[in-house]
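In case you want the letters, here they are:
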Amino acid sequence: MKPGLFITVEGTEGVGKTTNMDFVEQWLRSKGLDVLRTREPGGTPLAETLRELLLAPREEVVDPTAELLLVFAARAQHFNQLICPALAQGKWVLCDRFTDATYAYQGAGRGLDSALIAQLEKVVQGPLRPDCTLLLDIDVNIGLERARSRGDLDRFETETIAFFERVRDCYLARAKAESSRFRVVDAGQSLGEVQRDIDRVLEELLQR
Ligand code: Z5A
């Protein structure tokens, strides 16, 4: 059995992750691959409950460290109960956001120390990292316009432009630092052009 790969999709608000996750999932299935599609925060009943707690708008100020620990609590459950068993069975795991989002949102966005995030990453994941991370990149103003046109906003979507600029810069810096893992796609193009670029990335991945 061909061992499965662990693919993550990342980006700032409204970048088209959900739309393009559908495309990636169908593409992989069309090649006969056994795919587990999942998301973070979430992916298991307990982790989905933690997601609701994280995303719900609330009057109480959420302490950044509390937010970080909730993200990693959800990840520990998801990683151990769903992701690792699926990879062990040879499945291809396609995950909407993973730990790069923590470096971007809790690290760059909230200002938490990336060394602390790295420690928690090691505790929860050991040495396991995604095989490929598709970073959909867009001007934050355009992305927010797209996201906000969908209606109700979650707790993150009400953040400032400066917050999302920091998140985007962090993603791009990580992609530059780990260029063999990341593939950056310009998500400001038409959907057809974005998916043509994703198609190229997937073809390359399948050849590995
Ligand atoms: N979070 C965190 O803080 N720390 C962590 O470690 C993790 C997560 C893992 C939930 O994530 C939140 O969790 C997230 C960070 C935090 N912040 N927020 N919010 P999420 O991924 O579930 O939420 P999201 O970022 O808002 O994703 P989304 O709702 O799935 O949106 P999207 O996937 O980026 O966009 P979309 O729904 O596919 O597309 C948006 C609209 O644009 C839609 O109408 C599309 O039809 C349209 N679209 C898409 N592509 C195009 C193109 N190319 N042209 C024109 N229009 C397009």
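What you see is a predicted model; the values in this text were computed from it and never measured.

Trainee: What's the story with helix α8 (residues 191–207) in this structure? I'm lost.
Mentor: Given 3.6 residues per helical turn, the α-helix brings residues three or four places apart onto the same face. Counted at 1.5 Å a residue, the expected span for α8 with its 17 residues is 24 Å, and the 24 Å between its end C-alpha atoms agrees. Inspection of α8 places Val 194, Gln 195, Asp 197, Ile 198, Val 201, Leu 202 and Leu 205 among the buried residues, and these make up the whole buried set. Buried residues of α8, viewed axially, fall in a sector of 155 degrees; they line one side. Among the exposed residues of α8, those oriented more than 90 degrees off its buried face are Gly 192, Arg 200 and Gln 207. Considering only its buried residues, α8 is in contact with β1 (6–11), α1 (17–30), β3 (92–96), β4 (132–137) and β5 (182–186).

Trainee: Sorry, what's going on with the pattern of salt bridges here?
Mentor: Enumeration over the complete set of coordinates arrives at 21 salt bridges. The shortest N-O distance in the salt bridge between Arg 110 and Glu 67 comes to 2.9 Å. Within this pair, whereas Arg 110 is found in the loop between α4 (99–109) and α5 (114–125), its partner Glu 67 is found in helix α3 (residues 64–88), the two being separated by 43 residues in sequence. In this structure Glu 67 comes out as buried when scored by relative accessible area, which is 0%. Beyond isolated ion pairs, a larger network of salt bridges with shared partners links Asp 22, Glu 25, Arg 29 and Arg 37.

Trainee: How do you make sense of the pairing of β3 when you look at a structure like this?
Mentor: It is a general feature of regular strands that their side chains alternate between the two faces of the sheet. With five of five residues buried, β3 lies mostly within the body of the structure. Residue alternation in β3 divides its side chains into two sets, Trp 92, Leu 94 and Asp 96 and Val 93 and Cys 95, and both sets are buried. Judged from the five bridges that link them, strand β2 (residues 35–39) and β3 form a sheet pairing that is parallel. Paired with Arg 37 across the two strands is Leu 94, which belongs to β3.

Trainee: What exactly am I supposed to notice about the packing of helix α6 (residues 140–148) against helix α7 (residues 161–177) here?
Mentor: At a minimum axis separation of 10 Å, α6 and α7 run at an interaxial angle of 115 degrees. The hand of the α6/α7 crossing is right-handed. For the pair α6 and α7, contact is made by Val 140, Asn 141 and Leu 144 and by Ile 161, Phe 164, Glu 165 and Arg 168, respectively. Each residue belonging to the contact of α6 with α7 can be placed in one class, and the counts come to four nonpolar, one polar and two charged.

Rules behind the numbers
- Residues numbered from 1 in each chain as written.
- Predicted model: local features only at pLDDT ≥ 70, side-chain atom pairs only at ≥ 80, totals over all residues.
- Heavy atoms only, no water.
- Helix = DSSP H or I, 4+ residues; strand = E, 2+ residues; numbered from the N terminus.
- Expected span 1.5 Å × (residues − 1).
- Buried < 20%, exposed > 50% of the residue type's maximum accessible area, 1.4 Å probe, protein only.
- Arc of directions from axis to C-beta.
- Contact = heavy atoms within 4.5 Å.
- Salt bridge = Lys/Arg side-chain N within 4 Å of Asp/Glu carboxyl O.
- Pairing = 2+ DSSP bridges.
- Axes fitted to C-alpha atoms, helices over the stretch in contact; angles between N-to-C directions.
- Left-handed = near helix turned anticlockwise from the far one by under 90°.
- Nonpolar A, V, L, I, M, F, W, Y, C, P; charged D, E, K, R; others polar.

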